[in-house]
Structure formats: C-alpha cells, structure tokens
Amino acid sequence: MKTIPHTQITEPAVTCSTCAACCCQLEVMLITDTGVPERFIDTDDWGGEVMLRLDDGWCAALDRNTMMCTIYEKRPLICREFEMGAPECIEERQGISTAYR
C-alpha cells in the first residue's frame, strides 16, 4: 500500500484584485492634497475633510461593479499607505468574512 504525501495547502495571497474592498468602508481623513475630486469630499463632525461615503457605508469613489477605486491615481494618502496583506488589512477582511466563502 502506497502512502500519499500530505501537502500543506496555503491560504491564497491577499491581493486587492481578489478583495471585497472592505477597507473602502473605513472613514478616510484627507490629510494631504492628492487631487481627490471635490465631489468625493465630505466634512466630518469636527470640520475635517474626509472621503464621502454613500448611504450604504461604502466610499463614493468605489465602483460597485468592479469593486475598484475610480480615483486610484488621486486616492488619499491613507489609502496609499493601507498596505495590502498587513495586519490591518487582514483584520478588516475578517470583519466581512462572508464575502470570502
């Protein structure tokens, strides 16, 4: 009788192209000028500029069909620094784990 070797199956790599854009539900403060179009800017309760979120809680710049950012080249600094696969990213993905089943 032959034994079939066990192969460790690894989790798929986290990539933005396979993500449900869960980070696009976070409040994003605009702390630098990256050229975000005015139609995507809102003011928070303390007078700070933030990315506009629609009634469904998602960022107004998110294309709901592709789940991709429509202003990627002009996205806020916080979005640029939100590292794909970092602990914060993994934590946000776990928050909506039903998107990955």
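Residues numbered from 1 in each chain as written. Predicted model: local features only at pLDDT ≥ 70, side-chain atom pairs only at ≥ 80, totals over all residues. Heavy atoms only, no water.

Looking at the pattern of salt bridges
- As enumerated under the stated definition, the model contains 1 salt bridge in all.
- In this structure, Asp56 engages Arg64 in a salt bridge whose closest nitrogen and oxygen atoms are separated by 3.2 Å.
- Looking at Arg64, the relative accessible area reads 31%, which means it is partly exposed. (Salt bridge = Lys/Arg side-chain N within 4 Å of Asp/Glu carboxyl O. Buried < 20%, exposed > 50% of the residue type's maximum accessible area, 1.4 Å probe, protein only.)

Some words on a nonpolar patch on the surface
- Judged by side-chain polarity, Met29, Ile31 and Ile78 come together as a nonpolar surface patch covering roughly 260 Å² of accessible area.
- Among the secondary structure elements, Ile31 is positioned in the segment before β1 (41-43).
- The class of Ile31 is exposed, set by a relative accessible area of 57%. (Patch = residues over 30% accessible without salt bridge, like charges linked within 9 Å, V, L, I, M, F, W, Y side chains within 5 Å. Areas by Shrake-Rupley, 256 points an atom, 1.4 Å probe, with all protein chains shown as cover. Helix = DSSP H or I, 4+ residues; strand = E, 2+ residues; numbered from the N terminus.)

Quick notes on unusual backbone geometry
- Phi is positive for Met67, which is not a glycine, with a value near 60°.
- Among the structural elements, Met67 can be located in the loop between β3 (62-63) and β4 (68-69).
- Classification of Met67 by relative accessible area gives partly exposed; the value is 24%.

Structural notes on the confidence of the model for the protein
- Of the residues in the protein, 82% have a pLDDT of 70 or more, and the chain-wide mean is 83.
- Put simply, helix α2 (residues 87-95) is where the protein has its lowest mean pLDDT, 79, and β1 is where it has its highest, 97. (pLDDT = per-residue confidence, 0-100.)

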